[in-house]
Amino acid sequence: MMDQVDNAANRRQFLRFLAGSPVVAFTGLSAFAGDTASSPPANLPDPVNWRALLTQDLIKSPGDAINVFDFELVARKNVPPGHFGYMASGIDDELTLRANREAFARLQLRPRRLNDVTKVETTTELFGVKWPTPIVIAPTGGNRAYHPDGELAVARAAKAHGHLQILSTVASTSVEDVVQARAAPIWFQLYATQKWEVTEALVKRAEAAGCPVLVLTVDRKAGRNQETYLRLRRSDSQDCSGCHEPGLKGLVRMKPNFDGIDVSGLTSLESPNLTWDFVNRLKDATRMKVVLKGILTAEDAKLSVDNGVDAIIVSNHGGRAEDSGLPTIDCLPEVSKAVAGRIPVLVDSGFRRGTDVIKGLALGAQAVCIGRPYLWGLGAFGEPGVERVLEILRAELEVGMKQCGVRSIAELSPAFVRRA
Ligand SMILES: Cc1cc2nc3c(=O)[nH]c(=O)nc-3n(C[C@H](O)[C@H](O)[C@H](O)COP(=O)(O)O)c2cc1C
């Protein structure tokens, strides 16, 4: 009886705290927080999402982080609204952006018991190279928008625990400098543009820098309405003219991988003209392996294999390419089936937890790329932030594998996943 009284009092106190909290409206919990003092409502979510309620408790150092989301709010505070909005944004209604996350909740893991998982091995192999972890740094442009150390901080963090890094064409640091900071070969992501001479020059540059693999992004074919970016930018009081010059020439001047390349005639970096002929021409123009990033269907996966592509990244650009609403984790089974082990498959978009990574690996990916989480770490604390984000993901992956009863990535299969 006493317990019940105490619980009721605690509950009222908690709901009063909610009512006074500036984050309640933001989290959509105001409906039950409003009538706290008199009659506590029965519809308090179970479990309560404490993270959503305690957003005022920002972490002060990377070591304080409990999960990768803890970095997002600190990055939101540190990074100018325009830059943060650009990173966070999806397209239009952000259906794809949300679908990427929601799809994981519809997939359940099927843990196996009575396997000795004292030792777990997370090594994966791509093109004959063994990586200690299947967690890969996805290419993201302009990392200095989030921290002055930008891509160099990311490279050093990747180096600390042997993560593969894919560098964007539109990085704010040159491929040569990033290779040096990573102290190992990195993969180069290519925005081909619409001009073959530009493509060729970028390819030669990446090759000369020692990149063994070229990742051709095939999902940026049209303009995009990045509403979150456009809205948050309005509250940005910074004078942007010191960094951002108008027009394409102004843009590429900020992107060192274009140094010395003639971009005359180009109006954008998008490539609406890409075809399978282009892929074949690209393959003939380089000795690097050619990977396609942005494949979502069995049809295109099969064509990729037929056209001699070396690997596929199942990606919707983190919900930033189109608002189809199609989550990549749901595309992975059909792509894996079409490829049938003939070439490696990687996946990205919305991976935030070790269990997400396990679902990707179980459904046929050899590696999982992450984008925003490491940018949150970068924007929050620079290199130590990126390191901690990667550490959390590796730790969650290892624990998740143990919970599933698997000792190596090779043991994971679709049998470990069921649809809710
Ligand atoms: C701020 C930002 C910039 C990006 N820039 C590029 C890029 O230059 N080239 C590219 O192929 N993909 C780019 N992407 C997409 C990522 O490579 C990756 O597909 C995506 O971030 C994965 O989704 P996630 O952010 O949910 O992990 C970018 C993503 C973000 C968030």
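As a reminder, the structure under discussion sits directly above these lines.
**Some remarks on unusual backbone geometry**
Glycine aside, the phi torsion of most residues is negative, and most peptide linkages are trans. Backbone geometry at His-317 places phi at a positive 65°, although glycine is not the residue there. Within the secondary structure layout, His-317 lies in the loop between strand S9 (311–314) and helix H15 (328–339). In this structure, Ala-340 is a non-glycine residue whose phi angle is positive, near 50°. Note on placement: Ala-340 falls in the loop between H15 and strand S10 (345–348). The exposed category is assigned to Ala-340, whose relative accessible area is 55%.

**Comments concerning the packing of helix H7 (residues 95–106) against H15**
Viewed as axis vectors pointing N to C, H7 and H15 meet at an angle of 70°, and their least axial separation amounts to 8 Å. The orientation of H7 relative to H15 falls into the category roughly perpendicular. Together, Asn-100, Ala-103, Phe-104 and Arg-106 of H7 and Thr-328, Ile-329 and Asp-330 of H15 make up the contact between the two elements. Taken together, the residues of the contact of H7 with H15 sort by class into 3 nonpolar, 2 polar and 2 charged.

**Quick notes on empty space enclosed by the protein**
For the structure on display, the rule yields 1 cavity of 30 Å³ or more. Lining the largest cavity are Ile-137, Ala-138, Pro-139, Thr-140, Asn-143, Glu-151, Val-154, Gln-165, Ile-166, Leu-167 and Tyr-374. Of all elements in the fold, only helix H8 (150–160) and strand S5 (166–167) reach the threshold of two or more residues within the lining of the largest cavity. Its residues placed into classes, the lining of the largest cavity shows 7 nonpolar, 3 polar and 1 charged.

**Quick notes on the pattern of salt bridges**
Pairing of side chains with opposite charge becomes possible as their charged atoms draw close. All chains considered together, the criterion is met by 14 salt bridges. Across the pair Glu-383 and Arg-156 runs a salt bridge whose closest N-O atoms are separated by 3.5 Å. Of this pair, Glu-383 sits in helix H18 (residues 383–404) while Arg-156 sits in helix H8, and the two are 227 residues apart along the sequence. We classify Glu-383 as partly exposed; its relative accessible area is 23%.

**Considerations on the site of the ligand**
Lining the immediate surroundings of the ligand are 25 residues, of which Pro-139, Ser-168, Thr-217, Asp-348 and Arg-352 lie closest. Contact distances for the ligand include 3.4 Å between an oxygen atom and a side-chain N or O atom of Ser-315. Here an oxygen atom of the ligand sits 2.8 Å away from a polar atom, N or O, in the main chain of Gly-350. Protein contacts shield 99% of the accessible area of the ligand, which totals 600 Å² for the unbound molecule. Elements that contribute at least two residues to the shell around the ligand include exactly helix H6 (81–88) and helix H17 (372–381). Taken together, the residues of the shell around the ligand sort by class into 9 nonpolar, 11 polar and 5 charged.

**So, H17**
In an α-helix, one turn spans 3.6 residues; hence positions three or four apart end up facing the same way. With respect to burial, H17 is a largely interior element, 10 of its 10 residues being buried. All of the buried residues along H17 are Arg-372, Pro-373, Tyr-374, Leu-375, Trp-376, Gly-377, Leu-378, Gly-379, Ala-380 and Phe-381. Phi turns positive, to about 70°, at Gly-382, one or two residues after H17.

**Some points on the side chain of Lys-255**
Among the secondary structure elements, Lys-255 is positioned in the loop between helix H12 (247–253) and helix H13 (276–285). Among the polar contacts made by the side chain of Lys-255, one reaches the main-chain carbonyl oxygen of Val-170 at a distance of 3.3 Å. Setting aside residues up to four positions removed in sequence, Lys-255 forms contacts with Gly-142, Val-170 and Ala-171.

The rules behind these values
- In this convention, every chain numbers its residues from 1, walking through the sequence in written order.
- Restriction of local features to residues with pLDDT of at least 70 applies here, the model being predicted, together with a cutoff of 80 or more for giving and counting side-chain atom pairs; totals for whole chains, interfaces and linings are based on all residues.
- Excluded from the side-chain calculations are hydrogens and water; all other atoms, namely the structure's heavy atoms, are used.
- Numbering goes from the N terminus for both helices and strands, where a helix is a DSSP run of H or I of at least four residues and a strand is a run of E of at least two.
- Burial classes: relative accessible area under 20% of the type maximum marks a residue as buried, over 50% as exposed, and values in between as partly exposed (1.4 Å probe, protein chains only).
- In this description, a line fitted to the C-alpha atoms serves as the axis of each element, helices being fitted only across the stretch in contact, and the angle between N-to-C directions of two axes falls anywhere from 0 to 180 degrees.
- By the definition adopted for this analysis, an angle is roughly parallel if under 35 degrees, roughly antiparallel if over 145, roughly perpendicular if from 65 to 115, and oblique otherwise.
- Contact definition: two residues touch when any of their heavy atoms are within 4.5 Å.
- Under the convention adopted here, Pro, Cys and the residues Ala, Val, Leu, Ile, Met, Phe, Trp and Tyr are nonpolar, Asp, Glu, Lys and Arg are charged, and Gly plus all remaining residues are polar.
- Computed over the protein atoms alone on a 1 Å grid, cavities are sets of points where a 1.4 Å probe fits but cannot get out and pockets are open sets with protein on both sides within 12 Å along at least five of seven lines; a residue lines them when it has an atom within 4 Å of a point.
- Grid points are joined across faces, edges and corners, and a volume is the space filled by probe spheres set on the points.
- What makes a salt bridge here is a side-chain nitrogen of Lys or Arg within 4 Å of a carboxyl oxygen of Asp or Glu, nothing more.
- Near is defined per residue: the residue qualifies when any heavy atom it owns lies within 4 Å of the molecule or strand.
- Identification of polar contacts relies on pairs of N or O atoms within 3.5 Å, with a donor-acceptor requirement for protein atoms, meaning one able to donate a hydrogen and the other able to accept it, and with residues adjacent in sequence counted only if both atoms are side-chain atoms.
- Here the accessible surface of atoms and residues is derived via Shrake-Rupley with a 1.4 Å probe, and residues count as covered only by protein chains that are part of the display.

Treat this as a map of the structure, not an account of what it does.
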